[in-house]
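# Coordinate inspection notes
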Amino acid sequence: MIPSGAHRPASRPRAWWAVARRASWAVVPVLLAACARQTVLPAQDTAPLAARPPGPELRLIGTAKLPHGLEFLGSTVGGISGIDYDPVQDRWVLLSDDRSALQPARFYTARLRYGDGALATPQLTGMATLRQPDGRPFASRLQSFREGPAAGEVADPEAVRWLPGGTSLLWTSEGDFARGFGPALRETRADGAAVRQYALPAGFEPRPAEGRGPRANATLEGLALSPDGRTAWLAMEAAWRQDGPLPTTKAPGGPLRITALDLASGRAVRQIAYVPDAVPRERRIPWGPRLNGVSEILADGPHHLLVLERAYSAGAGFSSRLYRIDTRAASDTLGLDRLVPGNHTPAAKALVASFPGPGLPEADNLEAMAWGPPLPGGRRVIVFASDDNFNPAQTTQFIAAEYLEPDVP
């Protein structure tokens, strides 16, 4: 997510990262809203693209958006950070990353229709509150501050996938390091009731005082489910502290980790490294954030992942790139405490599409993507969604695109 200080106070060394990564932007609303509005202006990407051998491409079907501040069943719709489709009941899930600040942490169900050349406005059909194991909603930061441990966990929902059958779903939380909560993967029923929390490897625990572990607000942004429903892939947004720096406009970021979990046993079975691009756009004002990281992943068959990188630069706005990787071609990093050149082989990246790009629109803060029902003839479709950060200068945007295989004219 691209948050703001109003929802997530930043630690001093990383204030601009936190401001850029969750935006209600209440501290400086006029200036930052003006920056966000500049996202529609053309901007030159300066970071080089990965080599593009013949491979899949995207063909735009259509775009749609929900009104800002839409009220539904007593909640404010926004912060959509995860999306997935349940073919059994023909419904979509939309995960909000509201950390119980406006209303309790939640997800929505929706109906979403498209054809060969149009995407209809999504229609919300339901809402469920995400619940802790004791049945209570997840706590807000204010509640946690007032009540301490008795309030329970502060969750930061980021990615979601229906499990086969559509009776329950997986979702990730980035955690709240300031309140002592690390990243998490959970299973929840379709009514929001807790089923299970998975134990993550020790390396996922934040240890900032030691210069190790994940960075605050840059943890489990991506979640993919294997076609057989047995394996979950978990993608960090950025490199762990010991593995390398954050991206700049001059250099890519350090390798981030994507971990495979066997859902039956809950055991991590494999892990690969992925190197995010350099920040593709320079700022248009003298100061402010410049960042790029992984915001979502999606399984493309048993051995490939689609990886969505989302970038933001102050005054220049958002941009995104979609890559395809072969998980078999990267070495297993699960046993490596630190990633350094020479001790691992990161995944090679093949570019699929850029937003904006040829035939593809300007995109807001793209944080979610999922396979949708196929078009006639079995043609595959990806639906993307953006997180508006509950910011009036942004939008809850949906983009539907046909996934063109190399042999499709």
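Numbering of residues starts from 1 in every chain and runs along the sequence as written. pLDDT decides what is reported in this predicted model: residues at 70 or higher carry local features, side-chain atom pairs at 80 or more are listed and counted, and totals for whole chains, interfaces and linings draw on all residues regardless. Excluding hydrogens and water, the side-chain figures rest on all heavy atoms present in the structure.

### A look at the overall build of the protein
Applied cut-off: Helix and strand labels come from DSSP, where a helix needs a run of H or I of at least four residues and a strand needs a run of E of at least two; each type is numbered from the N terminus. For every residue, the accessible area (1.4 Å probe, protein chains only) is compared with the maximum for its type, and the residue is labelled buried under 20%, exposed over 50%, or partly exposed between those bounds. Residue contacts are counted whenever heavy atoms from the two residues lie within 4.5 Å of one another.
Secondary structure assignment for the protein yields three helices and 22 strands. Here the protein holds 409 residues, and the buried ones make up 59% of them. For the protein, the share of sequence-separated contacts (at least 6 apart) that also reach a separation of at least 24 residues comes to 61%.

### Topic: the pairing of strand E19 (residues 350-355)
This is how it is decided: In this description, strands pair whenever DSSP reports at least two bridges between them.
By the criterion of burial, E19 is predominantly enclosed, with five of the six residues buried. Judged from the five bridges that link them, strand E18 (residues 317-326) and E19 form a sheet pairing that is antiparallel. Following the sheet pairing, Leu-322 is matched in E19 by Ala-353.

### Things to note about the sheet that holds strand E7 (residues 123-129)
Note the following rule: Note on geometry: axes are lines fitted to C-alpha atoms, helical ones only across the stretch in contact, with angles between N-to-C directions running from 0 to 180 degrees.
The strand order across the open sheet formed by four strands is E4-E5-E6-E7, and the pairing between neighbours is antiparallel. Across the chains shown, the open sheet's two edge strands, defined by having one partner strand only, are strand E4 (80-86) and E7. Taken over all neighbouring pairs, the strand axes of this sheet differ in orientation by 25 degrees on average, direction set aside. Of the strand pairs in this sheet, E4 and strand E5 (residues 91-96) are connected by six bridges, and their pairing is antiparallel. Looking across to E5, one finds that Ile-80 is bridged to Ser-96.

### A word on the environment of His-303
Here His-303 lies in the loop between strand E16 (290-299) and strand E17 (304-313). Relative accessible area serves as the criterion here: at 33%, His-303 is assigned to the partly exposed category.

### Description of the nonpolar core
Short version of the rule: To form a nonpolar core, buried Ala, Val, Leu, Ile, Met, Phe, Trp, Tyr and Cys residues must be joined to one another through side-chain atoms within 4.5 Å.
Grouped together as the largest cluster of nonpolar side chains are 35 residues, with contacts concentrated most on Leu-170, Ile-258 and Ile-297. If you list the elements that add at least two residues to this core, you get strand E12 (220-225), strand E13 (231-236), strand E14 (256-262), strand E15 (267-274), E16, E17 and E18. Top element by residues in this core is E13. It accounts for five residues. Apart from the residues lying within four places of it in its own chain, the contact partners of Ile-258 are Trp-233, Leu-234, Ala-235, Arg-270, Gln-271, Ile-272, Tyr-274, Ile-297, Leu-305 and Ile-325. One finds Trp-92, Leu-94, Val-383 and Phe-398 within the second-largest nonpolar core, a separate group that totals 24 residues.

### Side note on the pattern of salt bridges
We apply this condition: Salt bridges are defined as contacts in which a side-chain nitrogen from Lys or Arg sits within 4 Å of a carboxyl oxygen from Asp or Glu.
All told, the structure shown has 27 salt bridges when counted by the stated rule. One salt bridge connects Asp-300 with Arg-380, and the closest N-O pair in it is separated by 2.9 Å. Of this pair, Asp-300 sits in the loop between E16 and E17 while Arg-380 sits in strand E21 (residues 379-386), and the two are 80 residues apart along the sequence. Note on Arg-380: relative accessible area 29%, which makes it partly exposed.

### A closer look at the packing of aromatic side chains
Two aromatic rings, taken as a pair, are described by how far apart their centres are and by the angle between their planes. Going by this rule: Working definition: a ring pair exists when centres of Phe, Tyr or Trp rings (six-membered ring for Trp) sit within 6.5 Å. Plane angles under 30 degrees give stacked, over 60 give edge-to-face, the rest tilted. The criterion for a charge sitting over a ring is simple: Lys NZ or Arg CZ within 6 Å of the ring centre, and within 35 degrees of the ring normal.
Taken as a whole and judged by the stated rule, the model has seven aromatic pairs. With 5.4 Å between their ring centres and 75 degrees between their planes, Phe-204 and Trp-240 make a pair best called edge-to-face. With Phe-204 in the loop between strand E11 (194-198) and E12 and Trp-240 in the loop between E13 and E14, this pair connects stretches of sequence that are 36 residues apart. The same class applies to Phe-204 and to Trp-240, which are both buried. Summarising the aromatic geometry, the rings of Tyr-312 and Phe-318 are spaced 4.7 Å apart at their centres and angled 45 degrees between planes, so their arrangement reads as tilted. Pair check on accessibility: Tyr-312 and Phe-318 agree, each one buried. Positioned above the aromatic ring of Tyr-323 is the side chain of Lys-349, whose terminal nitrogen or guanidinium carbon lies 4.3 Å from the ring centre.

### Some points on the sheet that holds E12
An order of E12-E13-E14-E15 is seen for the four strands of this open sheet, with the pairing classed as antiparallel. Because the sheet does not close on itself, it has two edges, and the strands there are E12 and E15. Taken pair by pair, the neighbouring strands of this sheet meet at an average axis angle of 20 degrees, ignoring direction.

### Here we look at the side chain of His-344
The test is simple: Pairing of N or O atoms within 3.5 Å defines a polar contact, subject to two protein rules: one partner must be a possible hydrogen donor and the other a possible acceptor, and residues neighboring in sequence count only if both atoms are side-chain atoms.
Position of His-344 among the secondary structure elements: in the loop between E18 and E19. By relative accessible area, His-344 is classed as buried at 14%. Within the structure, the side chain of His-344 is placed 3.3 Å from the backbone oxygen of Val-340, a separation counted as a polar contact. Within polar-contact distance, the side chain of His-344 engages the side chain of Asn-343 at 2.8 Å. Discounting chain neighbours no more than four positions away, the residues touching His-344 are Pro-255, Ala-273, Ser-331, Thr-333, Leu-336 and Leu-339.

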